[in-house]
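Take a look at the letters that make up each chain.
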Amino acid sequence: MGFTDIALKSIGRYRSPLANAPIATSYHFLISYFGLVPPPSDSEKTDNLSQFLIRVGQDSKLSPVSVCWSITGKPLVIVNTLKGVKDVLIDGQAKSKIKDEKPNVQRGNLIRLIQNLVFGGKSLNNAIGEEWRWRRHILLPPFQPRQLVPKLLPYVAGRAGKLLTVFEEHADLGKAIELDDLFMDMTMDVINYYLYGRSDLNYDLVGGRSNLKNEHHRLGLGFQSVEAWLPFGINKTNWAQKSYKPARDTLKSFIQDSLIYALEDYKQALKTYEVNNVPEKQRSYQSVAACAFASGKYDEDQFDLINDLLSLTFAGYDTTAHTLAFAFSELARNPQLQDELFEQVRSVLGSPPVLPESITAEKLARMPLVTAIYRETLRKYPAVVFIPVHVNKDTIVDGVVVPGGAEIWCNVRGIQMNPVIFPNPDKFDPTRWLRPEDKLNSGVENAFDNMISDNVHDTSSITPETQYNFPDLSFTLGTHSCLGKNLAILELRTVIACAMNQFTCTLKEGSVIDTKVVLTTKPRHGVWVHFQKR
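If you check an unreviewed UniProt entry, the protein appears there as Cytochrome P450 from Thamnidium elegans. Taken from UniProt, the Cofactor (unreviewed entry) comment for the protein reads in full: "heme".

Colleague: So what exactly am I meant to see when it comes to the pairing of strand β2 (residues 75–79) here?
Modeller: Looking along a regular strand, one sees side chains alternate from face to face of the sheet. Of all five residues in β2, five are buried; the element is thus mostly enclosed. Side chains Pro75, Val77 and Val79 of β2 all project onto a buried face; the interleaved residues Leu76 and Ile78 project onto the opposite face, where all are buried too. Alignment of strand β1 (residues 65–69) against β2, held across five bridges, turns out to be antiparallel. Paired with Val65 across the two strands is Val79, which belongs to β2. With antiparallel pairing between neighbouring strands as the criterion, β1 and β2 make up a hairpin whose turn holds five residues, including Gly73 at a positive phi of roughly 90°. Pairing of β2 with strand β8 (residues 407–410), which is carried by four bridges, proceeds in the parallel orientation. Across the sheet, residue Leu76 finds its bridge partner in β8, namely Glu407.

Colleague: Please explain the sheet that holds strand β4 (residues 177–178) as it appears in this structure.
Modeller: Backbone-to-backbone hydrogen bonds join strands into a sheet, with any given pair of strands oriented parallel or antiparallel. Here we have three strands laid out as an open sheet, ordered β4-β12-β9, and antiparallel in their pairing. Only two strands of the sheet have a single partner each, and these edge strands are β4 and β9 (503–507). Where β9 meets strand β12 (residues 528–533), five bridges bridge the pair, whose relative direction is antiparallel. Across the sheet, Thr504 pairs through a bridge with Gln532, a residue of β12.

Colleague: Just checking my understanding: could you explain unusual backbone geometry for this structure?
Modeller: Note: most peptide bonds trans; most residues except glycine with negative phi. The residue after Ser63, namely Pro64, is reached through a cis peptide bond having omega 5°. Take Pro64: it is sitting in the loop between α3 (48–58) and β1. Not every positive phi belongs to a glycine, and Asp398 is a case in point at roughly 50°. Following the sequence through the fold, Asp398 ends up in the loop between β6 (395–397) and β7 (400–402). Overall, Asp398 belongs to the partly exposed group, its relative accessible area being 26%. Phi at Asn424 takes a positive value of approximately 50°, unusual for a residue other than glycine. Secondary-structure assignment places Asn424 in the loop between α17 (412–415) and α18 (485–500). Judged by its relative accessible area of 49%, Asn424 is partly exposed.

Colleague: Just to check I follow, could you spell out the UniProt feature "binding site: heme" (unreviewed entry) in the protein for this structure?
Modeller: Mapped onto the present numbering, the UniProt feature "binding site: heme" (unreviewed entry) falls at Cys482. By relative accessible area, Cys482 is classed as partly exposed at 30%.

Colleague: Explanation requested: the sheet that holds strand β5 (residues 387–391) in the structure shown.
Modeller: Pairing is mixed across the open sheet formed by five strands, whose spatial order is β1-β2-β8-β5-β3. Each edge of the open sheet is held by one strand with a lone partner, namely β1 and β3 (105–107). Between one strand axis and the next, the sheet turns through 30° on average, direction left out of account. Lying over the sheet, helix α4 (residues 82–92) contacts β2, β3, β5 and β8, oriented at roughly 115° with respect to β8.

Colleague: Which parts of the structure should I look at to understand the packing of aromatic side chains?
Modeller: Aromatic ring pairs are reported here in terms of the distance separating the ring centres and the angle at which the planes meet. Counted according to the given criterion, the structure contains 19 aromatic pairs. Relative to Phe254, the ring of Tyr203 has its centre 5.3 Å away and its plane inclined at 35°; by these criteria the two rings are tilted. Note that Tyr203 is positioned in the loop between α8 (179–196) and α9 (212–224) and Phe254 in helix α10 (residues 245–275), a separation of 51 residues in sequence. Counting every residue linked through ring pairs, the aromatic cluster contains Phe167, Phe183, Phe328, Phe503 and Phe531.

Colleague: What should I look at first to understand empty space enclosed by the protein in this one?
Modeller: Over the atoms rolls a probe the size of a water molecule, and in doing so it shows where empty space is left. What the rule picks out here adds up to two cavities of 30 Å³ or more. Taken as a whole, the largest cavity encloses approximately 70 Å³ of empty space. Around the largest cavity, the lining residues are Arg375, Leu378, Arg379, Gln416, Trp433, Phe470, Pro471, Asp472, Leu473, Ser474 and Phe475. Estimates place the volume of the second largest cavity at around 30 Å³. Lining the second largest cavity are Asn192, Tyr196, His216, Leu251, Phe254, Ile255 and Thr313. Put simply, the parts of the chain that give the lining of the second largest cavity at least two residues each are α8 and α10. Tallying contributions element by element places α10 first for the lining of the second largest cavity, with three residues. Taken together, the residues of the lining of the second largest cavity break down into four nonpolar, three polar and no charged.

Colleague: Looking at this structure, I do not really get the pattern of salt bridges. What am I missing?
Modeller: Note that side chains of opposite charge can pair when their charged atoms are close. Inspection of the entire model under this criterion finds 28 salt bridges. The residue Lys245 makes a salt bridge to Asp249 at a minimum N-O spacing of 3.0 Å. Linking Lys245 with Asp249, this pair stays in helix α10, spanning four residues, or about one helical turn. For Lys245, a relative accessible area of 25% gives the class partly exposed.

Colleague: I'm lost on the side chain of Glu376 in this one. Help?
Modeller: The topology assignment puts Glu376 in helix α16 (residues 368–380). For Glu376, a relative accessible area of 0% corresponds to the buried category. Ignoring sequence-local partners within four residues, the contact set of Glu376 consists of Lys427, Phe428, Asp429, Pro430, Arg432 and Trp433.

Definitions and cut-offs
- Residues numbered from 1 in each chain as written.
- Predicted model: local features only at pLDDT ≥ 70, side-chain atom pairs only at ≥ 80, totals over all residues.
- Heavy atoms only, no water.
- UniProt positions renumbered as here; feature names shortened; annotations may be inferred.
- Buried < 20%, exposed > 50% of the residue type's maximum accessible area, 1.4 Å probe, protein only.
- Helix = DSSP H or I, 4+ residues; strand = E, 2+ residues; numbered from the N terminus.
- Pairing = 2+ DSSP bridges.
- Axes fitted to C-alpha atoms, helices over the stretch in contact; angles between N-to-C directions.
- Contact = heavy atoms within 4.5 Å.
- Phe/Tyr/Trp six-rings, centres within 6.5 Å; stacked < 30°, edge-to-face > 60°.
- 1 Å grid on protein atoms, 1.4 Å probe; cavity = no way out; pocket = protein on both sides within 12 Å on 5 of 7 lines; lining within 4 Å.
- Points joined across faces, edges and corners; volume = space filled by probe spheres on them.
- Nonpolar A, V, L, I, M, F, W, Y, C, P; charged D, E, K, R; others polar.
- Salt bridge = Lys/Arg side-chain N within 4 Å of Asp/Glu carboxyl O.

Now the structure itself:
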């Protein structure tokens, strides 16, 4: 693109329907002039991206949308209202009624390209259109509560029990423990167990079970490396991928080996179903991989399946671990909240030791304060600070026309810190999510998300008095809502309930709790906690 082209496009912004939209003044030139998110930097001492999004989201003059204009005249539109986010994620991403026509908006172009590069091909998290749709159709059922909860809750409860043993050991020694890393070990175990249906996988291929998350961390360096963003195909060279390609190759070898076990289990289950003449629609398999095999849609070379399982693991372990770490960082600073939670949990679970098989979905649903705590954690520390999408054609966003070709950031961080909806937003206040007693419905049907309905409460009716109706934006909305939402909810509820039933906790002296955005929101300095047995 020559200078003349850039000049013409820049002038074109003044003819755009967004010409009079307020400007979001940014802290970084990449946002202001290129509409790009700055790569994470180890030299950054504060979470500038979150601070920027919060400032924009709290400024009423920048609602419903504000704009950063690139030097090419292309707008980056920051959506700062819940109504606008709903228009984008639910209505905008809805499948067109016209065959082969793209939806109004789709996943952000840049993040799709980078994910495709880092993961080494298309996957559930970077495909669009039919390439995405057939994957979603196959992988959604095992993540719906009817299948997921009975298959996975016993394992999650058992794995949480091992976690409590570590807490007890450190309590006896009077030593603090860093929780974020510990929770990542657990969530990595859980996602691998559910993907492949067993825990005895060949972890030697990745240097041991505890090293698996380190290999994923090395793969994540691809999103931070300057080389991955280079143009003209340079980012596809071995030189440009040297920081993360070895980790990707190692992880794919591990997945390929794990699929051997999953395929054996699938064939055995299939044989049993066929012998007993069980109809296909009534068959249920222990692992996500087995469900994929049963679909018959993945090729024998398993290339697409390996990429999809890699993306599910990458997205499904650290976000839940970080959320747990932030939740305990808040609990550790609030002994009164711990006591209130303890009373509710103890009345449901009983005195320890609590047998894993005694923890049921019905019991989890009878502890609304546990749910309120994880939801307040996700409000204050959202796993995803913004949701990027690309606009295919003119789209109305909370009354504003956003032209085709624009990029959108749905400002999750800013909206969830807006005092108009959440008074005193810096305060950790789980009571925001507790419904009035006469309206409380704690049945199992409301304990998890069926991942099908786009039923979002009327956004105009969400006020400080009805904060509990605010949707789970961290898991996104609409057809692209997070596949692993129910898995995350299961882990969050189980760990919080079991830990608070047995321990109190305090922050290690001198601890600083701060956020850092590296694709997801993580504790910048970790979370160091002392546990004491009740």
